[in-house]
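# Descriptive analysis of the structure
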Amino acid sequence: MRQGARVPRRLRCTTLRQDQYAPHRARLAVRSWLGSAHPALHDTELVASELVTNAVRHALKGPGRDWVRLRLGEGLGEAVSCIRLVVTDPGNPMSEPECLPLPADWNDWIPHMRRPGGMGIATVAAICEGAWGTYLTEREERVVWCHVPIR
């Protein structure tokens, strides 16, 4: 590491029960960690909710697989310019997050609004300006990370 480089600092981490209330609990956790005046609060709440929703929907179910972990930290740089959000779930090697393009025109949104789901990762990608990714750990847990800009 270069002299004077800033190491990302993990602000908080929690493990949520993987159920229908997990996205709401993720938003509450983000709000309590960042505080209501943080400039990236609303974007971070939305991104956390989308990623936790995907974890609840797509992770394989079974004994010992009813959890989703949410971590929040500061991004790299001399001045903190982003919030690093990481969501880990028990995984599903048969499922890979897919980023569909967001419609450019409001009228093009109408068909997307009529079908459930499908726009979460595209929303995350748009908010995070493409700074997101995913991988499987050695234990086949799914990790999705992103950098939410502080505007």
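The coordinates are above.
Here goes a summary of the coordinates provided. Along each chain, residues carry numbers from 1 onward, in the same order as the chain's sequence is written. Given that the model is predicted, a residue must reach a pLDDT of at least 70 before its local features are reported, and side-chain atom pairs must reach 80 or more before they are shown or counted; all residues, however, enter totals for whole chains, interfaces and linings. Water and hydrogen atoms play no part in the side-chain values, which are based on all heavy atoms of the structure.

### Here's the deal with the environment of G35
Under the DSSP-based scheme used, a helix requires at least four consecutive residues in state H or I and a strand at least two consecutive residues in state E, with every element numbered from the N terminus. Mapped onto the elements of the fold, G35 is located in the loop between α1 (22-34) and α2 (41-58). Note on classification: 1.4 Å probe, protein chains only; a residue is buried when its accessible area is under 20% of the maximum for its type, exposed when over 50%, partly exposed between these limits. Since its relative accessible area comes to 24%, G35 is described here as partly exposed. Should any heavy atoms of two residues lie within 4.5 Å, those residues are considered in contact. Those residues in contact with G35, other than ones at most four positions away along the chain, are V30 and L41.

### Digging into the packing of α2 against helix α4 (residues 120-127)
Note on definitions: angles span 0 to 180 degrees between N-to-C directions of axes, and those axes are lines fitted to C-alpha atoms, for helices only across the stretch in contact. For the pair α2 and α4, interaxial distance at closest approach is 9 Å and the crossing angle is 150°. As the angle between them shows, α2 and α4 are arranged roughly antiparallel. Relative to α4, α2 is oriented so that their crossing is left-handed. Residues D43, L46, V47, E50, L51 and N54 of α2 lie in contact with α4, whose contacting residues are G120, I121, T123, V124 and I127. Its residues assigned to classes, the contact of α2 with α4 comprises six nonpolar, three polar and two charged. What sets the label is the angle itself: under 35 degrees gives roughly parallel, over 145 gives roughly antiparallel, 65 to 115 gives roughly perpendicular, and the rest give oblique. Here a crossing is taken to be left-handed if its near helix is turned anticlockwise relative to the far helix by less than a right angle, and right-handed if that turn runs clockwise. Charged means Asp, Glu, Lys or Arg here, nonpolar means Ala, Val, Leu, Ile, Met, Phe, Trp, Tyr, Cys or Pro, and polar covers whatever is left, Gly included.

### With respect to the pairing of strand β5 (residues 142-149)
Within a regular strand, side chains alternate between the sheet's two faces. Counting buried residues in β5 gives six out of eight residues, a clear majority hidden from the surface. Any two strands between which DSSP finds at least two bridges are classified as paired. Relative to β5, strand β3 (residues 82-89) is paired through eight bridges, and the arrangement is antiparallel. Bridge pairing in β5 places V86 opposite W145. Across five bridges, strand β4 (residues 132-136) lies against β5 in antiparallel orientation. Its bridge partner lying in β5, W132 is registered against C146. The hairpin formed by β4 and β5 contains five residues between the paired strands, and E140 there has a positive phi angle of roughly 65°.

### Quick notes on unusual backbone geometry
Where the residue is not glycine, phi is negative for most of them; where a peptide bond is considered, it is trans in most cases. Backbone geometry places E129, a non-glycine residue, at a positive phi of 55°. Residue placement: E129 occurs in the loop between α4 and β4. The phi torsion at E140 lies on the positive side, around 65°, for a residue other than glycine. For E140, the location among the structural elements is in the loop between β4 and β5.

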